[in-house]
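Summary of structural features
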Amino acid sequence: MTTPWPRFPHSNAVLAGDHETLLSQLTSGPAGESSTVLFVHSALLDRHAWYRTMYEIAGRLSVTGKPFTLAAYDLRGHGAAAAESIVSIDQLAHDLLAICLNLTTRPVHVVGLSLGGAVGQAAALASPDRIASLALLGTSSQFPRAAMYDRATRGKVNGVASQVDDTLARWVSDPAADNEVNGYIRHALAQITPERWAQTWEALGRFDVVDHLPGFRCPVLALAGTRDVASPAEALELIAKSVADGTVEYLDTAHLSALERPLEVAVHITDHLLRVFGRD
(Lines give C-alpha, C1' and ligand atoms only; values in the text may rest on other atoms or scores of the structure.)
Protein backbone atom coordinates (compact mmCIF):
# COMPACT_ATOMS: atom_id res chain seq x y z
CA MET A 1 0.00 0.00 0.00
CA THR A 2 1.34 3.43 -0.99
CA THR A 3 2.28 5.71 1.89
CA PRO A 4 -0.18 8.62 2.03
CA TRP A 5 1.01 12.15 1.41
CA PRO A 6 1.96 13.74 4.78
CA ARG A 7 -0.17 16.39 6.42
CA PHE A 8 0.83 19.22 8.73
CA PRO A 9 0.18 18.06 12.29
CA HIS A 10 -0.91 21.47 13.57
CA SER A 11 -2.99 24.32 12.22
CA ASN A 12 -4.89 27.33 13.45
CA ALA A 13 -7.83 29.32 12.17
CA VAL A 14 -7.03 32.63 10.48
CA LEU A 15 -9.30 35.30 9.04
CA ALA A 16 -8.96 35.72 5.28
CA GLY A 17 -11.14 38.62 4.33
CA ASP A 18 -14.75 37.58 4.93
CA HIS A 19 -14.11 33.98 5.97
CA GLU A 20 -11.91 31.75 8.08
CA THR A 21 -9.43 29.22 6.78
CA LEU A 22 -6.69 27.07 8.28
CA LEU A 23 -3.02 28.01 8.45
CA SER A 24 -0.05 25.75 9.23
CA GLN A 25 3.24 27.32 10.38
CA LEU A 26 6.87 26.37 10.88
CA THR A 27 9.55 28.54 12.46
CA SER A 28 13.23 28.48 11.64
CA GLY A 29 16.26 30.10 13.27
CA PRO A 30 16.66 31.97 16.55
CA ALA A 31 13.88 33.79 18.36
CA GLY A 32 13.28 37.33 17.25
CA GLU A 33 11.46 39.35 14.64
CA SER A 34 11.26 36.99 11.69
CA SER A 35 10.83 37.25 7.97
CA THR A 36 7.55 35.64 6.93
CA VAL A 37 7.19 33.35 3.92
CA LEU A 38 3.65 32.50 2.81
CA PHE A 39 3.12 29.45 0.58
CA VAL A 40 0.10 29.36 -1.76
CA HIS A 41 -0.96 26.01 -3.21
CA SER A 42 -2.09 25.08 -6.70
CA ALA A 43 -5.63 24.66 -7.98
CA LEU A 44 -7.82 21.99 -6.39
CA LEU A 45 -5.27 20.94 -3.75
CA ASP A 46 -4.66 22.38 -0.27
CA ARG A 47 -1.93 23.68 2.03
CA HIS A 48 -0.57 20.18 2.64
CA ALA A 49 0.89 20.22 -0.89
CA TRP A 50 3.74 22.26 0.63
CA TYR A 51 4.53 19.85 3.48
CA ARG A 52 7.78 18.34 2.19
CA THR A 53 9.07 21.56 0.63
CA MET A 54 8.38 23.67 3.71
CA TYR A 55 10.04 21.26 6.13
CA GLU A 56 13.09 21.06 3.89
CA ILE A 57 13.32 24.85 3.62
CA ALA A 58 12.91 25.23 7.37
CA GLY A 59 15.82 22.84 7.93
CA ARG A 60 18.03 24.70 5.48
CA LEU A 61 17.18 28.10 6.94
CA SER A 62 17.74 26.95 10.51
CA VAL A 63 21.52 26.96 10.01
CA THR A 64 21.66 30.52 8.68
CA GLY A 65 21.09 32.33 11.96
CA LYS A 66 18.20 34.27 10.42
CA PRO A 67 14.69 33.88 11.88
CA PHE A 68 11.95 32.87 9.45
CA THR A 69 8.28 31.99 9.82
CA LEU A 70 6.95 29.70 7.08
CA ALA A 71 3.19 29.43 6.65
CA ALA A 72 0.74 27.74 4.27
CA TYR A 73 -3.03 28.18 4.14
CA ASP A 74 -6.04 26.81 2.28
CA LEU A 75 -7.27 29.06 -0.50
CA ARG A 76 -10.91 30.07 -0.68
CA GLY A 77 -12.87 27.22 -2.27
CA HIS A 78 -10.26 24.66 -1.18
CA GLY A 79 -9.52 22.51 1.86
CA ALA A 80 -10.83 24.04 5.08
CA ALA A 81 -12.36 26.93 3.08
CA ALA A 82 -14.05 24.68 0.50
CA ALA A 83 -17.49 26.16 1.19
CA GLU A 84 -16.42 29.62 0.00
CA SER A 85 -17.18 30.61 -3.59
CA ILE A 86 -14.40 31.76 -5.92
CA VAL A 87 -15.12 34.89 -7.95
CA SER A 88 -11.71 35.94 -9.26
CA ILE A 89 -7.97 35.80 -8.77
CA ASP A 90 -8.14 39.35 -7.39
CA GLN A 91 -10.53 38.10 -4.71
CA LEU A 92 -8.05 35.37 -3.75
CA ALA A 93 -5.26 37.97 -3.71
CA HIS A 94 -7.18 40.13 -1.25
CA ASP A 95 -7.61 37.05 0.95
CA LEU A 96 -3.85 36.52 0.82
CA LEU A 97 -3.19 40.11 1.82
CA ALA A 98 -5.59 39.79 4.74
CA ILE A 99 -3.68 36.75 5.96
CA CYS A 100 -0.42 38.66 5.61
CA LEU A 101 -1.77 41.38 7.90
CA ASN A 102 -2.75 38.74 10.44
CA LEU A 103 0.77 37.31 10.39
CA THR A 104 3.00 40.39 10.47
CA THR A 105 3.19 44.13 9.89
CA ARG A 106 6.23 43.62 7.66
CA PRO A 107 6.20 42.73 3.95
CA VAL A 108 5.83 39.00 3.25
CA HIS A 109 7.70 36.73 0.85
CA VAL A 110 5.17 34.77 -1.22
CA VAL A 111 5.80 31.37 -2.82
CA GLY A 112 3.06 30.33 -5.25
CA LEU A 113 2.55 27.18 -7.29
CA SER A 114 0.33 27.33 -10.40
CA LEU A 115 -2.91 29.00 -9.22
CA GLY A 116 -0.94 30.12 -6.15
CA GLY A 117 1.51 31.89 -8.43
CA ALA A 118 -1.31 33.80 -10.10
CA VAL A 119 -2.64 34.80 -6.68
CA GLY A 120 0.82 35.97 -5.63
CA GLN A 121 1.19 38.11 -8.75
CA ALA A 122 -2.22 39.70 -8.22
CA ALA A 123 -1.37 40.44 -4.58
CA ALA A 124 1.92 42.09 -5.54
CA LEU A 125 0.08 44.33 -7.99
CA ALA A 126 -2.72 45.17 -5.57
CA SER A 127 -0.46 45.98 -2.62
CA PRO A 128 3.21 46.17 -3.64
CA ASP A 129 4.33 47.46 -0.24
CA ARG A 130 3.09 44.25 1.40
CA ILE A 131 5.02 41.78 -0.80
CA ALA A 132 8.77 41.48 -0.19
CA SER A 133 9.43 38.99 -3.00
CA LEU A 134 7.77 36.37 -5.18
CA ALA A 135 8.84 32.82 -5.98
CA LEU A 136 6.60 31.57 -8.79
CA LEU A 137 6.46 27.90 -9.78
CA GLY A 138 4.59 26.37 -12.73
CA THR A 139 2.44 29.42 -13.34
CA SER A 140 1.82 32.15 -15.88
CA SER A 141 0.89 35.80 -16.16
CA GLN A 142 -1.94 34.83 -18.52
CA PHE A 143 -3.83 31.58 -19.05
CA PRO A 144 -5.61 30.56 -22.29
CA ARG A 145 -9.18 31.65 -21.65
CA ALA A 146 -10.89 29.31 -24.10
CA ALA A 147 -9.06 26.27 -22.72
CA MET A 148 -9.82 27.24 -19.11
CA TYR A 149 -13.51 27.80 -19.85
CA ASP A 150 -13.75 24.54 -21.78
CA ARG A 151 -12.16 22.69 -18.86
CA ALA A 152 -14.59 24.35 -16.47
CA THR A 153 -17.56 23.29 -18.56
CA ARG A 154 -16.40 19.68 -18.94
CA GLY A 155 -16.05 19.27 -15.18
CA LYS A 156 -19.34 20.96 -14.43
CA VAL A 157 -21.30 18.96 -17.00
CA ASN A 158 -19.58 15.57 -16.78
CA GLY A 159 -18.40 15.65 -13.17
CA VAL A 160 -14.98 16.09 -11.64
CA ALA A 161 -14.29 12.34 -11.55
CA SER A 162 -14.34 12.28 -15.35
CA GLN A 163 -11.50 14.83 -15.42
CA VAL A 164 -9.05 13.12 -13.06
CA ASP A 165 -7.01 11.21 -15.64
CA ASP A 166 -6.61 14.26 -17.89
CA THR A 167 -5.63 16.36 -14.88
CA LEU A 168 -2.95 13.91 -13.78
CA ALA A 169 -1.61 13.79 -17.35
CA ARG A 170 -1.11 17.57 -17.26
CA TRP A 171 0.29 17.75 -13.76
CA VAL A 172 2.68 14.89 -13.07
CA SER A 173 5.48 12.98 -14.76
CA ASP A 174 3.91 9.52 -14.39
CA PRO A 175 0.11 9.81 -14.18
CA ALA A 176 -0.33 6.02 -13.97
CA ALA A 177 1.99 5.56 -10.99
CA ASP A 178 0.64 4.28 -7.68
CA ASN A 179 2.54 6.74 -5.50
CA GLU A 180 1.91 9.24 -2.74
CA VAL A 181 1.77 12.25 -5.07
CA ASN A 182 -0.87 10.79 -7.37
CA GLY A 183 -2.79 9.43 -4.40
CA TYR A 184 -2.86 12.87 -2.79
CA ILE A 185 -4.06 14.50 -6.01
CA ARG A 186 -6.79 11.91 -6.54
CA HIS A 187 -7.99 12.32 -2.96
CA ALA A 188 -8.01 16.12 -3.25
CA LEU A 189 -9.94 16.05 -6.53
CA ALA A 190 -12.52 13.74 -4.97
CA GLN A 191 -13.38 16.55 -2.52
CA ILE A 192 -13.98 19.15 -5.25
CA THR A 193 -17.54 19.87 -6.33
CA PRO A 194 -18.32 20.59 -10.00
CA GLU A 195 -19.20 24.15 -9.00
CA ARG A 196 -15.83 24.81 -7.34
CA TRP A 197 -14.05 23.08 -10.23
CA ALA A 198 -15.71 25.43 -12.71
CA GLN A 199 -15.16 28.55 -10.59
CA THR A 200 -11.44 27.80 -10.26
CA TRP A 201 -10.78 27.37 -13.97
CA GLU A 202 -12.99 30.30 -14.95
CA ALA A 203 -11.09 32.56 -12.54
CA LEU A 204 -7.79 31.47 -14.10
CA GLY A 205 -9.24 32.06 -17.57
CA ARG A 206 -9.93 35.69 -16.68
CA PHE A 207 -6.48 36.26 -15.20
CA ASP A 208 -4.14 38.40 -17.32
CA VAL A 209 -1.39 40.61 -15.90
CA VAL A 210 1.06 40.45 -18.82
CA ASP A 211 0.93 44.19 -19.44
CA HIS A 212 1.53 44.91 -15.74
CA LEU A 213 4.68 42.82 -15.31
CA PRO A 214 7.11 45.73 -15.92
CA GLY A 215 5.58 47.45 -12.89
CA PHE A 216 6.48 44.71 -10.42
CA ARG A 217 8.68 46.24 -7.71
CA CYS A 218 9.72 43.13 -5.77
CA PRO A 219 12.36 40.53 -6.74
CA VAL A 220 10.85 37.58 -8.60
CA LEU A 221 12.16 34.03 -8.92
CA ALA A 222 10.46 32.13 -11.75
CA LEU A 223 11.01 28.40 -11.32
CA ALA A 224 10.15 26.52 -14.51
CA GLY A 225 9.62 22.81 -15.08
CA THR A 226 11.21 21.72 -18.35
CA ARG A 227 8.51 19.04 -18.76
CA ASP A 228 5.61 21.21 -17.62
CA VAL A 229 2.85 21.09 -20.25
CA ALA A 230 0.33 23.00 -18.10
CA SER A 231 2.52 26.10 -17.64
CA PRO A 232 5.43 25.75 -20.07
CA ALA A 233 8.83 27.20 -19.30
CA GLU A 234 8.19 30.01 -21.78
CA ALA A 235 5.51 31.41 -19.47
CA LEU A 236 7.99 31.64 -16.59
CA GLU A 237 10.68 33.08 -18.86
CA LEU A 238 8.28 35.84 -19.91
CA ILE A 239 7.67 36.79 -16.29
CA ALA A 240 11.37 36.81 -15.40
CA LYS A 241 12.39 38.96 -18.36
CA SER A 242 9.45 41.38 -18.02
CA VAL A 243 9.77 42.33 -14.34
CA ALA A 244 12.41 44.76 -13.07
CA ASP A 245 14.23 42.18 -10.94
CA GLY A 246 13.54 38.71 -12.30
CA THR A 247 15.43 35.42 -12.39
CA VAL A 248 14.40 32.20 -14.12
CA GLU A 249 15.70 28.82 -13.03
CA TYR A 250 14.84 25.34 -14.27
CA LEU A 251 13.92 21.94 -12.90
CA ASP A 252 13.61 18.69 -14.83
CA THR A 253 10.05 18.11 -13.71
CA ALA A 254 6.40 18.33 -14.68
CA HIS A 255 3.83 20.87 -13.47
CA LEU A 256 3.61 20.11 -9.75
CA SER A 257 7.31 20.52 -9.02
CA ALA A 258 6.83 21.09 -5.29
CA LEU A 259 5.21 17.67 -4.98
CA GLU A 260 7.47 15.73 -7.34
CA ARG A 261 10.80 17.39 -6.51
CA PRO A 262 10.37 19.01 -3.08
CA LEU A 263 14.07 18.84 -2.16
CA GLU A 264 15.21 20.50 -5.37
CA VAL A 265 12.47 23.12 -5.12
CA ALA A 266 13.54 23.79 -1.53
CA VAL A 267 17.14 24.45 -2.61
CA HIS A 268 16.04 27.04 -5.17
CA ILE A 269 13.59 28.77 -2.83
CA THR A 270 16.04 28.81 0.08
CA ASP A 271 18.70 30.39 -2.13
CA HIS A 272 16.14 32.93 -3.32
CA LEU A 273 15.11 33.82 0.23
CA LEU A 274 18.70 34.26 1.33
CA ARG A 275 19.39 36.51 -1.66
CA VAL A 276 16.49 38.80 -0.83
CA PHE A 277 16.76 38.58 2.96
CA GLY A 278 16.68 42.02 4.51
CA ARG A 279 14.55 43.60 1.81
CA ASP A 280 11.48 43.11 3.96
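Remember, it's a predicted structure, so these values are computed and weren't measured experimentally.

Within the fold, serine 24 resides in strand β2 (residues 19–28). Looking at serine 24, the relative accessible area reads 1%, which means it is buried. Only 3.1 Å separates the side chain of serine 24 from the backbone oxygen of histidine 10, close enough to count as a polar contact. Within the local environment of serine 24, its side chain forms a polar contact with the side chain of arginine 47, the two groups lying 2.9 Å apart. Residues within four places of serine 24 in sequence aside, it is in contact with Phe8, His10, Ser11, Arg47, Met54, Leu70, Ala71 and Ala72.

Sheets are built from strands that pair by backbone hydrogen bonding, the pairs being arranged parallel or antiparallel. Spatial strand order, β1-β2-β4-β3-β5-β6-β7-β8: 8 strands in an open sheet with mixed pairing. In this open sheet, the two edge strands, each paired with only one partner strand, are β1 (12–16) and β8 (246–251). Strand-to-strand, the axes of this sheet are offset by a mean angle of 25 degrees, without reference to chain direction. Pairing of β1 with β2 involves 5 bridges; the strand directions are antiparallel. Looking at β2, one finds that leucine 15 is bridged to glutamate 20. Helix α2 (residues 89–103) contacts β1, β2, β3 (35–40), β4 (68–73), β5 (108–113) and β6 (131–137) of the sheet and is inclined by roughly 125 degrees relative to β1.

With that settled, consider the packing of helix α1 (residues 51–61) against helix α10 (residues 262–276). How two helices sit against one another is set out by the angle between their axes and by the gap between those axes. Between α1 and α10, the shortest axis-to-axis distance is 9 Å and the interhelical angle comes to 45 degrees. Considered as vectors, α1 and α10 are oriented oblique to each other. The hand of the α1/α10 crossing is right-handed. When α1 is examined against α10, the residues Arg52, Thr53, Glu56, Ile57, Arg60 and Leu61 are found in contact with a partner set consisting of Pro262, Leu263, Val265, Ala266, Val267, Ile269, Thr270, Leu273 and Leu274. Here the contact of α1 with α10 is composed, by residue class, of 10 nonpolar, 2 polar and 3 charged.

Attention now moves to the pairing of β5. With respect to burial, β5 is a largely interior element, 6 of its 6 residues being buried. Judged by which residues are buried, β5 turns out to be covered on both faces: Val108, Val110 and Gly112 on one side and His109, Val111 and Leu113 on the other are all buried. As defined by bridge partners, β3 adjoins β5 across 4 bridges and the pair is classed as parallel. From the neighbouring strand, leucine 38 faces β5, where its bridge partner is valine 110. Bridge count for β5 against β6 is 6 bridges, and the pairing is parallel.

Turning our attention to the packing of aromatic side chains. With the rule as written, the count across this model stands at 8 aromatic pairs. On the basis of an interplanar angle of 25 degrees and a centroid distance of 6.1 Å, the ring pair of phenylalanine 8 and tyrosine 55 is categorised as stacked. Note that phenylalanine 8 is positioned in the segment before β1 and tyrosine 55 in helix α1, a separation of 47 residues in sequence. Both rings, one in phenylalanine 68 and one in phenylalanine 277, keep their centres 5.6 Å apart while their planes meet at 45 degrees; by these two values the pair is tilted. Here phenylalanine 68 is found in strand β4, whereas its partner phenylalanine 277 is found in the segment after α10, with 209 residues between them in sequence. Note on phenylalanine 277: relative accessible area 30%, which makes it partly exposed. One Lys or Arg, arginine 52, reaches over the ring of tryptophan 5 and ends 5.4 Å from the middle of that ring. Above the face of the tryptophan 201 ring, arginine 151 is positioned so that its terminal group lies 4.7 Å from the ring centre.

Cut-offs and rules
Residues numbered from 1 in each chain as written. Predicted model: local features only at pLDDT ≥ 70, side-chain atom pairs only at ≥ 80, totals over all residues. Heavy atoms only, no water. Helix = DSSP H or I, 4+ residues; strand = E, 2+ residues; numbered from the N terminus. Buried < 20%, exposed > 50% of the residue type's maximum accessible area, 1.4 Å probe, protein only. Polar contact = N/O pair within 3.5 Å; in protein donor to acceptor, adjacent residues only side chain to side chain. Contact = heavy atoms within 4.5 Å. Pairing = 2+ DSSP bridges. Axes fitted to C-alpha atoms, helices over the stretch in contact; angles between N-to-C directions. Parallel < 35°, antiparallel > 145°, perpendicular 65-115°, else oblique. Left-handed = near helix turned anticlockwise from the far one by under 90°. Nonpolar A, V, L, I, M, F, W, Y, C, P; charged D, E, K, R; others polar. Phe/Tyr/Trp six-rings, centres within 6.5 Å; stacked < 30°, edge-to-face > 60°. Lys NZ or Arg CZ within 6 Å of the ring centre and 35° of its normal.

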